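Examination of the molecular architecture
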Amino acid sequence: MTDQSPVTRAGNATGVPQVGAVAVENFSFWYGAKQALFDISLNLVPREVTALIGPSGCGKSTFLRSINRMHDLLPGTRSTGRILLDGEDVLDRRLDVVQLRQRIGMVFQRSNPFPKSIYDNVAWGPRLNRRPSRSELDEIVEQALRRAALWDEVKDRLRTSALGLSGGQQQRLCIARALANEPEVLLLDEPASALDPIATQRIEELLWELKKELTIVIVTHNLQQAGRVSDRTAFFYLGQLIEYGPTDQLFTAPREERTEAYITGRFG
Amino acid sequence: MASTQLHGASVGDRIYRFTTTAFALSIPLLLVLLAIEVVVAAWPALKAFHLGFLTSSEWDAVNGVFGAAPAIYGTLVSSLLALLIATPLAIGVAIFLSEFAPPWLRQPVAFLVDLLAAIPSVVYGLWGIFVLVPFLREHVMPFLADRLHLGDTPLFSGPAYGPSMLAAGLILAIMVLPYISSVTREVLMAVPRSQREAALALGATRWEMIWGAVLPYASSGVMGGVILGLGRALGETMAVTMVIGNRHEISSSLFAPGYTMASVIANEFSEATNDMHLSALMAVGAVLLAITLVVNIIARWLVWRVERRGQA
Ligand SMILES: Nc1ncnc2c1ncn2[C@@H]1O[C@H](COP(=O)(O)OP(=O)(O)OP(=O)(O)O)[C@@H](O)[C@H]1O
Ligand SMILES: [Mg+2]
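Residues numbered from 1 in each chain as written. Chains lettered and ligands numbered in written order. Predicted model: local features only at pLDDT ≥ 70, side-chain atom pairs only at ≥ 80, totals over all residues. Heavy atoms only, no water.

**Some thoughts on the nonpolar core**
Counting residues in hydrophobic clusters, the biggest one holds 57 residues, and the most contacted among them are A:Phe27 and A:Phe63. Top contributing element to this core by residue count: helix 8 (residues 206-235) of chain B, with eight residues. Ignoring sequence-local partners within four residues, the contact set of A:Phe27 consists of A:Leu37, A:Phe38, A:Asp39, A:Ile40, A:Phe63, A:Ser66, A:Ser79, A:Thr80, A:Gly81, A:Ile83 and A:Leu91. (Core = buried A, V, L, I, M, F, W, Y, C linked by side-chain atoms within 4.5 Å. Buried < 20%, exposed > 50% of the residue type's maximum accessible area, 1.4 Å probe, protein only. Helix = DSSP H or I, 4+ residues; strand = E, 2+ residues; numbered from the N terminus. Contact = heavy atoms within 4.5 Å.)

This is the structure we're talking about:
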């Protein structure tokens, strides 16, 4: 175990390197009586960006939110199969979901900063979980904002309201807020769908930087975007994983007919 | 024929619009007229005593000297005391109902809490006289003064008669609780799901989510609920009159009897014989009206601010 690799940076208490590998095995999911996901199996590779594509309602968000157990508070949901984060089953009821969500950051479709200062937004997670000192917290906040490529734009107004930022800045602030927890995995659900092209491009560039240290999963409706940012792409259709493979291969030589139909715009 | 029908419809429309506008306008108009009436009637007293009306403690109807300070003090202190007691309780109830209660329990409990607001205030007063006041005199006041040795502090000194500022504050607390808790429940439920998800996704427990994201988001709305409760407490008359002791005195002790503006008016209107006495009572009414109006405007504004942010 060496320290050169960025992924070993956040070693846990036992000294085992956390790599953020996610293995999904035969995962099915139900909202009440309605089954939303059917027998999904795939491996999310650390230091890669995986894009989830597919027509509306095919279960992309459901899948993403299963990884950090955001469905927990929704009554009537259930699942079968396993989702292993570094070998640990995240669906195990005995697992501490609070810790899990610190290891798996999430960014939502519509930016949702707290109506607090920029600083307090980024500091929110660390304050909960690690109780750092003043100077440690300053450091954490600066690091997170730098990693989210937002530092230079906001460093002179950290104490002003986050709601005064532009849409794109707010979304990068939400990324910074997630990064402040030092997660191993970052889940993004259509993070750029409400943004203009320039703001979108900045987010995409950011993902390129972040994937050096993280496992990234991004849901997107924008196929060009999936092609630009991702190393692998998973195509979902009606709750099933139809095809999963390297992005260039999936886009240029899809194995499945339904994949080809989707990426050539013949349906969805 | 089509055109007469059209014409007929538009005349009906116009009449309808005219009457509804008239009705709608009549309400603010009524308020303005009422305020003017009160101030005009209060004018002689205000002119005779100037600021002394607000600052003097002497209220002597026989000699025609009127200072409303004890009543103003009593109104403010009993209301603030009520808020101090009711606010934490009401917020607790609202958090329980909006965040923790199982769905089947929500409606019934919310209904029961709201029902507190429907109990006639004279019934609260009766309960206050026959249950609360004796209970305070025999148990709570001795406990505070002797057991907790607070008897020497200004707040809890003096004899325990029963009817007191403390009794008024407690009864008001029960009466304003439903107002604070139902507004709080509403603003908590108006907090967008995205805020809750943001907190949870950062590794917050349910409590941390509520304390760190939901309550701060709703804070000015909760504040609005509290001030709405304050508005209620300031104007409450019957129940308070029955338990506060009705004495024109300012005492630091919560065990001592006091007076409120509303009680003064209710008690003395029928026996006000000379014009100055009547005018002084009107002036008390004017002060009370001004305070409640300001308080309510602040409350509306705070709630409006939260709702607007919720939509943004
Ligand atoms: N809370 C819920 N309760 C019941 N059914 C739900 C719930 N959320 C989603 N579904 C259903 O599950 C299926 C998958 O939804 P999901 O949101 O995962 O799709 P999606 O691929 O993210 O769609 P989109 O691209 O529109 O975001 C849909 O049929 C949807 O109606
Ligand atoms: Mg979705």
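**Focus: the packing of aromatic side chains**
Counting across every chain of the model gives eleven aromatic pairs over all chains. Judged by centre distance (5.0 Å) and plane angle (25°), the rings of A:Phe235 and A:Tyr262 are stacked. Taken together, the residues A:Phe235 in strand 9 (residues 232-237) and A:Tyr262 in helix 10 (residues 257-263) connect sequence positions 27 residues apart. Assigned by exposure class, A:Phe235 and A:Tyr262 land together as buried. A ring pair is formed by B:Trp59 and B:Phe66, whose centres lie 4.9 Å apart and whose planes are at 75°; its orientation type is edge-to-face. In this pair, the class of B:Trp59 matches that of B:Phe66, namely buried. The ring of A:Tyr119 carries A:Arg159 above its face, with NZ or CZ at 4.1 Å from the centroid. The ring of A:Phe114 carries the charged tip of A:Arg177 above its face, separated from the ring centre by 4.6 Å. (Phe/Tyr/Trp six-rings, centres within 6.5 Å; stacked < 30°, edge-to-face > 60°. Lys NZ or Arg CZ within 6 Å of the ring centre and 35° of its normal.)

**Focus on the site of ligand 1**
Residues and elements named next belong to chain A. Residues in contact with ligand 1 amount to 13 residues; listed here are only the nearest, Ser56, Lys60, Ser61, Thr62 and His221. Between Cys58 and ligand 1, the recorded distance is 3.2 Å, taken from a backbone N or O atom to an oxygen atom. Contact between ligand 1 and Ser61: an oxygen atom at 2.6 Å from a side-chain N or O atom of the residue. Here ligand 1 has 630 Å² of accessible area as a free molecule, and 64% of this is covered by the chains. Of all the elements in the fold, those that place two or more residues in the shell around ligand 1 are strand 2 (34-44) and helix 1 (60-67). When grouped by side-chain class, the residues that make up the shell around ligand 1 number four nonpolar, six polar and three charged. (Near = heavy atom within 4 Å. Polar contact = N/O pair within 3.5 Å; in protein donor to acceptor, adjacent residues only side chain to side chain. Areas by Shrake-Rupley, 256 points an atom, 1.4 Å probe, with all protein chains shown as cover. Nonpolar A, V, L, I, M, F, W, Y, C, P; charged D, E, K, R; others polar.)

**A short note on the interface of chain A and chain B**
The interface is formed by 22 residues belonging to chain A together with 19 residues belonging to chain B. Interface area for chain A against chain B, summed over the two sides, is near 1,700 Å², with a carbon-plus-sulfur share of 65%. Where chain A meets chain B, there are one salt bridge. Across the pair A:Arg65 and B:Glu197 runs a salt bridge, and its minimum N-O distance is 2.5 Å. Among the elements of the structure, helix 2 (97-103), strand 6 (104-107), helix 3 (118-129) and helix 6 (167-179) of chain A are those that each provide at least two residues to the side of chain A that touches chain B. (Buried area = accessible area lost by both parts, 1.4 Å probe. Salt bridge = Lys/Arg side-chain N within 4 Å of Asp/Glu carboxyl O.)

**Some remarks on helix 6 of chain A**
Residues and elements named next belong to chain A. Its 13 residues give helix 6 an end-to-end C-alpha distance of 18 Å, which sits within 8% of 18 Å, the value for a rise of 1.5 Å per residue. With twelve of 13 residues buried, helix 6 lies mostly within the body of the structure. Burial in helix 6 covers these residues: Gly168, Gln169, Gln170, Gln171, Arg172, Leu173, Cys174, Ile175, Ala176, Arg177, Ala178 and Leu179. (Expected span 1.5 Å × (residues − 1).)

**Side note on the pairing of strand 3 (residues 49-53) of chain A**
Residue and element names in this part refer to chain A. For strand 3, a buried count of five out of five residues is recorded, marking the element as mostly surrounded by other parts of the structure. As paired strands, strand 3 and strand 8 (residues 215-219) are joined by four bridges and run parallel to one another. Across the sheet, Thr50 pairs through a bridge with Val217, a residue of strand 8. The sheet contact formed by strand 3 and strand 9 spans four bridges and is parallel. Bridge assignment links Ala51 to a residue of strand 9, and that residue is Thr233. (Pairing = 2+ DSSP bridges.)

Purely geometric numbers; function is a separate question.
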